[in-house]
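Here is what each chain is made of, one letter per residue.
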Amino acid sequence: MLAASDIQIPFEKYTLKNGMRVILAPDNSVPVVTVYVIYGVGARSEEKGRTGFAHLFEHMMFQGSANVPKGQHFKFVESNGGNLNGSTHSDFTDYFQVLPSNKLAVGLWLESDRMRSLAITEENLANQKEAVKQERRLSFDNQPYATAIVDHWPQISFQNWQNSHSLIGSFEDLEAATVADVARFFKTYYAPNNAVLVLSGDIKSGEAKKLVETYFGDIPSQPQPKHPDLSEPETVKPRSEVYKDPLAQVPGVVIGFPGPARRSPDFYALAMLDVLLTGGDSSRFQQNLVKGKQSVIQYEANLGWPFASFRDYKEPGHYAMFLLYNPVFKGAEVVQHAQQELEKIQNQGVDERELNRVKTYFRASTVAQLQSSLSRASRLGQYELFDGDPGLINTEMASFLAVTADQIQAVARKYLVPERRFVLDIVPAPKTEKPKK
Amino acid sequence: MNKANVALIAVVLAMTLSCQKIDRTKPPETKDLPAFKLPSLYETELANGLRVVLVEDKRFPLVTLRLTFEAGSKYDPKDLPGLAEAAASLLTEGTGDRPSKQIAEELADIGGSIRAAAGPDGFTIQGNVLSENLPKFFDLLADVTMHASFPQDEVQLYKKRRTQELLAERSEAAFWADEKIASVVFGPHPYARLNPTPESIARLDRGLLASFHGSRLVPNNAVLILLGAIPPRMETLELIRSRLGPWQKKDAEPSPAPEFPGSVRKIVLVDRPGSVQADIRMGHIAVDRSHEDYFPLLVANTILGGGASSRMFMNIREKQGFAYDAHSRLQPRKNGGLFAAVTQVRNEVLEPALKSMEEEMKRLVDEPVPSGELADVKNYLSGNFVMGLETQGGLATQLSTVKLMGLPDTYLETYTARIRAVQPAQIQAVAAKYFSPQTASIVVVGDASKIRSTLEKFGGVTVEKAQ
């Protein structure tokens, strides 16, 4: 029988004359197609005084273009039975439409029209500034933990402003954005040579290529954008802070350690270590902290947390976790419980049986995620953008499965020590108290 | 391939590409949505009455399982709402042979997962596994299904956790709004109960859970759906027989007879002092999926409040700015169903918001839906349906609904055709039956001292406490 590591996602990659990279990944079993566009620009590309700009711009992308009237983007997709979204990340911004496969051309028309001729007007900008503010009020300012994690945690865990500034941005900076800023950002970063287009699902290669050339082929390329210096100082100074959150009912603590370079041997070992600690019901955190000590109520952890997962992790970043904890414990005790779990790995290592379990769990969850055309498309697009190699969708599994118990112990000792640790304890504050800045 | 051929192909390609002239000012013309062809099903029944459905899909080396029982919360005793939900949550927390941790570890060892969930009608064990480990998966499945032991310490831990969760849920207005509209619409039927109470959680013990398990989770009350990269049919059936064959048949009690209250408008105000918002539900009894009104009602509901192009969304949110969220939902059950229009508005605009909801509902009764709008909604529903079938889990869930609800085998294949067949006159007819302001009930959760008099303009109001 086929072993899970043998799975092969067929794909084909080529580049248009204007520099846009195209990946086609046909699978004709269900009449669904994903149109996915990823641009090499994110919140870490922002300039001082323009925080939140990448995200504001993402909103502008839904405001219409030369041939798509304002507000009609959603309607065209929905009325064709599809769904869509866009999202802004630290190092990229992506957009997708999942459509019944007979509507492929509609998705290409919509994506190419906004890449070619986005409607950058005063009215749209004013309107989207308000929408972003409203989103901030609802999704961040009115949600427990969100402000602490999105605005405060990066300031504790990073020193370079490019990395530590708010991804969602301040109201002042949003207000200051001008139409000229938006137009410049569009020209610089939303050029075909800074984008990857992926079509996955029910497509025919020849027909898809013709359509792609028709819709995207004559969009002019631009000079390749420069990338800002994201480097962090070599020496790490541990920090620990308390944030009083008037919206939190239950305390939670963020713990993080600076992580290794993407796709380095240490990266793969830390990713496996994370599965051992937090992957599924048999994981050490679930068994020892949620059930055993009952100090932790819920947890999440990842390389790149909170803005990425190990899949789209790009240094500098952290191996970080967020633990909602039982209020009978103090934050420092919960940090200690988590650190003890790390020390067990540092001192006793990992036995082969548990390592095999972790690898099997990892294989199964990775394969399961590849079932949808959207997850195949985003995986292919991100591998191309980050690594220039979409084939990693098929070959990278081997690097994860090659991790040894010794490597896991070694990265635990090298990275996950109190001397390199950042802590943000988020505790409920009385309702009248203003959040501590 | 030699160089000359490559060059030739390049020339041909360049020619075809340059021939493509398009009109960018209009969305491209496209063909109709392709018909969906369901992978073929093999169905059989074991000697103990367990029905088995096998579906082969070799694209990924995975197998997905649904083992569905007619054992949902509608069977919970009156003083024990939440029993089925608790049994589901605890099913994998220990058996005679395996403590909870061992089950979790053995499942991770094979790249598998098993968990259970209870809905109003069904109790479903969901699982998946790397196909190479299917035999071991069935060992674990058979163990939890037949021998779940509900260990004392796990039951205590569950009760503690569920009580805390429930307290948090009860602090939300939406919790009370959903509870109350279900109880108004379903009346004496157990569909009226959506959640446990602190008292019912306190009453739970091993004995009650074991007795639920012994009486309801029996093979002749279940359908097993196995989908994915499964071995050849005989081998798969032999595997299922060897693990689940010894499972004893037992008579299960019949499901409660539908006994819904008549459709008369009731208005209930759930008092939540200090609320600056009013959380609104306008609801009505609806129909199950096999009822002739179902597909017209599904289309009508989507026009009214499905998605970001719906009439409620466009009117209440986009045009009048009363609310961030405005939608409607149709929740079919095995018998009957629930329709509810939902929005949350600030106290000052409660009256115009309720009027707008009633106007939108009445407009569907009075005016035929324009053809463009109807076509869009049909595309939306059909597209969403097809999209849900991309994964093994998506198809397995659809199949298990068909089996649990006793729908015909053609249900999934004819779904998009039946959507397409809905006519404007049918929509008006179902709207008159299910969206009428005379018979649709209203539930509002909010500060009674601020909004009671407004609500009384719509009829006699009963005020209740949020408890």
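Residues numbered from 1 in each chain as written. Chains lettered and ligands numbered in written order. Predicted model: local features only at pLDDT ≥ 70, side-chain atom pairs only at ≥ 80, totals over all residues.

## Quick word on the overall build of chain A
So, point 1. In terms of regular secondary structure, chain A is built from 16 helices and 11 strands.
So, point 2. In terms of C-alpha radius of gyration, chain A reaches 23 Å, essentially the compact-globule figure of 22 Å for 437 residues.
So, point 3. A principal-axis box enclosing the C-alpha atoms of chain A has dimensions of 60 × 60 × 40 Å.
So, point 4. Counting the 437 residues in chain A, one finds 49% classified as buried.
So, point 5. Across chain A, every contact between residues at least 6 apart in sequence was considered, and the portion connecting residues at least 24 apart equals 80%. (Helix = DSSP H or I, 4+ residues; strand = E, 2+ residues; numbered from the N terminus. Rg over C-alpha atoms; globule rule 2.2 N^0.38 Å. Buried ≥ 20, exposed ≤ 12 C-beta atoms within 10 Å, placed from the backbone. Contact = placed C-beta atoms within 7 Å.)

## Focus on the overall build of chain B
So, point 1. Each helix and strand counted, chain B has 17 helices and 12 strands in total.
So, point 2. For chain B, the C-alpha atoms occupy an extent of roughly 75 × 65 × 35 Å along the three principal directions.
So, point 3. For chain B, long-range pairs separated by at least 24 residues make up 79% of all intrachain contacts whose partners lie at least 6 apart in sequence.

## Quick word on the domain arrangement of chain B
Residue and element names in this part refer to chain B.
So, point 1. Here chain B is described as being made up of domain 1 (41–244) and domain 2 (267–465).
So, point 2. For domain 1 and domain 2, the distance between their C-alpha centroids amounts to 29 Å.
So, point 3. On the domain 2 side, the residues contacting the 25 residues of domain 1 number 26 residues.
So, point 4. Top element by residues in the side of domain 1 that touches domain 2 is helix α6 (residues 173–186). It accounts for nine residues.
So, point 5. For the side of domain 1 that touches domain 2, a count of residues per class yields 15 nonpolar, five polar and five charged. (Domains from an automatic or database assignment. Nonpolar A, V, L, I, M, F, W, Y, C, P; charged D, E, K, R; others polar.)

## Here's the deal with the sheet that holds strand β6 (residues 222–228) of chain B
Residue and element names in this part refer to chain B.
So, point 1. With mixed pairing, six strands are arranged side by side in an open sheet as β1-β2-β6-β3-β5-β4. The outermost strands of the open sheet, each flanked by one partner alone, are β1 (41–45) and β4 (112–118). When the angles between neighbouring strand axes are averaged without regard to direction, this sheet yields 15 degrees.
So, point 2. Of the strand pairs in this sheet, strand β2 (residues 51–56) and β6 are connected by six bridges, and their pairing is parallel. Looking across to β6, one finds that Val55 is bridged to Leu227.
So, point 3. Strands β2, β3 (62–69), β5 (123–130) and β6 of the sheet are contacted by helix α14 (residues 392–404), whose axis makes an angle of about 25 degrees with β3. (Pairing = 2+ DSSP bridges. Axes fitted to C-alpha atoms, helices over the stretch in contact; angles between N-to-C directions.)

## Examining the environment of Ala410(A)
So, point 1. Mapped onto the elements of the fold, Ala410(A) is located in helix α16 (residues 405–415).
So, point 2. As for Ala410(A) and His89(A), which are separated by 321 residues in sequence, their C-alpha atoms are 30 Å apart.

## Observations concerning the domain arrangement of chain A
Residues and elements named next belong to chain A.
So, point 1. Segmentation of chain A into domains returns domain 1 (10–216) and domain 2 (239–428).
So, point 2. If you average the C-alpha positions of domain 1 and of domain 2, the two centres end up 28 Å apart.
So, point 3. Counting residues at the interface gives 36 residues for domain 1, matched by 31 residues for domain 2.
So, point 4. Contributing elements (two or more residues each) for the side of domain 1 that touches domain 2: β2 (21–26), β3 (32–39), β5 (93–100), α5 (146–157) and β6 (195–201).
So, point 5. With six residues, α5 is the largest single contributor of residues to the side of domain 1 that touches domain 2.
So, point 6. In the side of domain 1 that touches domain 2, the residues fall into 20 nonpolar, 11 polar and five charged.

## Concerning unusual backbone geometry
Residues and elements named next belong to chain A.
So, point 1. Look at the link from Trp305 to Pro306: it is a cis peptide, with omega at 5 degrees.
So, point 2. In this structure, Pro306 sits in the loop between β9 (296–303) and β10 (318–325).
So, point 3. In this structure, the amide linkage connecting Glu315 to the following residue, Pro316, adopts the cis form with an omega of -5 degrees.
So, point 4. For Pro316, the location among the structural elements is in the loop between β9 and β10.

## Notes on the sheet that holds strand β4 (residues 83–88) of chain A
Residue and element names in this part refer to chain A.
So, point 1. Read from one edge to the other, the open sheet built from six strands follows the order β1-β2-β6-β3-β5-β4, with strand pairing classed as mixed. Strands with a single pairing partner mark the edges of an open sheet, and in this sheet they are β1 (12–15) and β4. Taken over all neighbouring pairs, the strand axes of this sheet differ in orientation by 15 degrees on average, direction set aside.
So, point 2. As paired elements, β3 and β5 share eight bridges and run antiparallel to each other.

## Re the environment of Ala432(B)
Residues and elements named next belong to chain B.
So, point 1. Of note, Ala432 is situated in helix α16 (residues 424–434).
So, point 2. Judged by local crowding, Ala432 falls into the partly exposed class, with 14 C-beta atoms found within 10 Å.
So, point 3. Spatially, the C-alpha atom of Ala432 lies 8.5 Å from that of Asp366, the residues being 66 residues apart in sequence.

## So, helix α10 (residues 265–278) of chain A
Residues and elements named next belong to chain A.
So, point 1. The end-to-end C-alpha distance of α10, which contains 14 residues, comes to 20 Å, matching closely the 20 Å that a straight helix rising 1.5 Å per residue would cover.
So, point 2. Counting buried positions along α10 gives 11 out of 14 residues, so the element sits mostly inside the fold.
So, point 3. Among all positions in α10, only Phe267, Tyr268, Ala269, Leu270, Ala271, Met272, Leu273, Asp274, Val275, Leu276 and Leu277 are buried. (Expected span 1.5 Å × (residues − 1).)

## A closer look at the interface of chain B and chain A
So, point 1. Taken together, the contact between chain B and chain A spans 48 residues of the former and 47 residues of the latter.
So, point 2. Counting only elements with at least two residues in the side of chain B that touches chain A, the list comes to α1 (3–19), α3 (100–109), β5 and α13 (371–387) of chain B.
So, point 3. The element contributing the most residues to the side of chain B that touches chain A is α13(B), with eight residues.
So, point 4. For the side of chain B that touches chain A, the class distribution of residues is 22 nonpolar, 16 polar and 10 charged.

## Points about helix α8 (residues 206–216) of chain B
Residues spaced three or four apart along an α-helix face the same direction, because each turn holds 3.6 residues.
Residues and elements named next belong to chain B.
So, point 1. Inspection of α8 places Leu209, Phe212, His213 and Arg216 among the buried residues, and these make up the whole buried set. Projected down its long axis, α8 shows its buried positions confined to an angular sector of 100 degrees, all on one face. Away from its buried face by more than 90 degrees, α8 exposes Gly207, Ser211 and Gly214. (Arc of directions from axis to C-beta.)

## What to know about the packing of helix α2 (residues 83–90) of chain B against α8(B)
A packed helix pair is summarised by two numbers, namely the angle formed by the two axes and the spacing between the axes.
Residue and element names in this part refer to chain B.
So, point 1. Running from amino to carboxyl end, α2 crosses α8 at an angle of 90 degrees, the nearest separation of the two axes being 10 Å. Relative to α8, the element α2 lies roughly perpendicular. Of the residues in α8, those in contact with Leu83, Ala84, Ala86, Ala87 and Leu90 of α2 are Leu208, Leu209, Phe212 and His213.
So, point 2. Here the contact of α2 with α8 is built from residues that sort into eight nonpolar, one polar and no charged. (Parallel < 35°, antiparallel > 145°, perpendicular 65-115°, else oblique.)

## Digging into the pairing of strand β10 (residues 337–346) of chain B
All names here are of chain B.
So, point 1. The buried fraction of β10 is high, at nine of 10 residues.
So, point 2. In this structure, strand β9 (residues 326–332) lies alongside β10, joined through seven bridges in antiparallel fashion. By the bridge assignment for β10, Arg329 is matched with Ala340.
So, point 3. Hairpin connection of β9 to β10: four residues between the antiparallel strands, including Gly336 at a positive phi of 65 degrees.

## Considering the packing of helix α11 (residues 311–319) of chain B against helix α12 (residues 350–366) of chain B
Residues and elements named next belong to chain B.
So, point 1. One way to put it is that α11 packs onto α12 with a least axis distance of 10 Å and a crossing angle of 155 degrees. One finds that α11 runs roughly antiparallel with respect to α12. Like other packed secondary-structure pairs, α11 and α12 cross with a definite hand, here right-handed. For the pair formed by α11 and α12, the contact residues are Arg311, Met312, Asn315 and Ile316 on the first element and Ala353, Ser356, Met357 and Glu360 on the second.
So, point 2. When the residues that make up the contact of α11 with α12 are grouped by side-chain class, the tally is four nonpolar, two polar and two charged. (Left-handed = near helix turned anticlockwise from the far one by under 90°.)

## Here's the deal with the pairing of strand β11 (residues 422–428) of chain A
Residue and element names in this part refer to chain A.
So, point 1. Most of β11 is tucked away, with five of its seven residues classed as buried.
So, point 2. For strand β7 (residues 239–245) and β11, the ladder comprises seven bridges, and the chain directions are parallel. Its bridge partner being in β11, Lys244 is matched across the sheet by Val427.
So, point 3. Of the pairings in the sheet, the one linking strand β8 (residues 252–258) to β11 comprises five bridges and is antiparallel in character. Its bridge partner lying in β11, Val253 is registered against Asp425.

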